[in-house]
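Breakdown of the fold
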Amino acid sequence: MRILIRYFFRGLRLVLTPVMLISEKLSTPKSVERRPEEQAKVDIACQNLALYQFRTCPFCIKVRKEMARLGLNIERRDAQLDPAHKQALLEGGGKVKVPCLKITHDDGREEWMYESDAINAWLHQQFG
């Protein structure tokens, strides 16, 4: 019975993955318009950020849409497919849970922020 359930959910994932990715592409909002010098400042600030994510995680999609809406060029690290990123997430953040925003402060201190709503609120506060 367990094998049947396992294969059911694997099949479901195979069907839903392309649907979720296409849906994300079609529903991603347009970026805010900034003057080039303002966008350059935002891009510099985004160099200290990294988003640990899974491609088809609905909460990660939510954060990626907010990043697109705010016009943020934040590095995306796939913790599902890249073992090095998964290990870095485990060592730095203490758990493999996505989405996770790694914030490197100017003094070198690292902050690991989990939960899509908290990440979106922080991004909006910093760049909105």
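Structure first, text after, so check above.
The notes below deal with the structure included here. (Residues numbered from 1 in each chain as written. Predicted model: local features only at pLDDT ≥ 70, side-chain atom pairs only at ≥ 80, totals over all residues. Heavy atoms only, no water.)

The next subject is a positive patch on the surface. A contiguous patch of positive charge, built from Arg2, Arg6, Arg10 and Arg13, is present on the exposed surface. By the secondary structure assignment, Arg6 is in helix H1 (residues 2-27). According to the relative accessible area criterion, Arg6 is partly exposed, its value standing at 46%. (Patch = residues over 30% accessible without salt bridge, like charges linked within 9 Å, V, L, I, M, F, W, Y side chains within 5 Å. Areas by Shrake-Rupley, 256 points an atom, 1.4 Å probe, with all protein chains shown as cover. Salt bridge = Lys/Arg side-chain N within 4 Å of Asp/Glu carboxyl O. Lys, Arg positive; Asp, Glu negative; His and termini not counted. Charge placed at Lys NZ, Arg CZ, Asp CG, Glu CD. Helix = DSSP H or I, 4+ residues; strand = E, 2+ residues; numbered from the N terminus. Buried < 20%, exposed > 50% of the residue type's maximum accessible area, 1.4 Å probe, protein only.)

With respect to the helices and strands, Asp106 occurs in the loop between strand S3 (100-104) and strand S4 (110-114). Distance from Asp106 to Asn48, taken between C-alpha atoms, is 8.4 Å for residues 58 residues apart in sequence.

One pass over the full model with this rule turns up nine salt bridges. Between Glu24 and Arg64 there is a salt bridge whose closest N-O contact spans 2.8 Å. Of this pair, Glu24 sits in helix H1 while Arg64 is found in helix H3 (residues 58-70), placing the two residues 40 residues apart along the sequence. This pair shows no difference in class: Glu24 is buried, exactly as Arg64 is. A salt bridge links Arg35 to Glu37; the shortest N-O distance between them is 2.8 Å.

This part takes up the packing of H3 against helix H5 (residues 116-127). The geometry of a pair of packed helices is captured by two quantities: the angle between their axes and the separation between those axes. Interaxial distance between H3 and H5 falls to 9 Å at its minimum, and their mutual angle equals 10°. Classified by the interaxial angle, the pair formed by H3 and H5 is roughly parallel. When H3 is examined against H5, the residues Phe59, Lys62, Val63, Glu66, Met67, Arg69 and Leu70 are found in contact with a partner set consisting of Ser116, Asp117, Ile119, Asn120, Leu123, His124 and Phe127. Residues that form the contact of H3 with H5 fall into these classes: seven nonpolar, three polar and four charged. (Axes fitted to C-alpha atoms, helices over the stretch in contact; angles between N-to-C directions. Parallel < 35°, antiparallel > 145°, perpendicular 65-115°, else oblique. Contact = heavy atoms within 4.5 Å. Nonpolar A, V, L, I, M, F, W, Y, C, P; charged D, E, K, R; others polar.)

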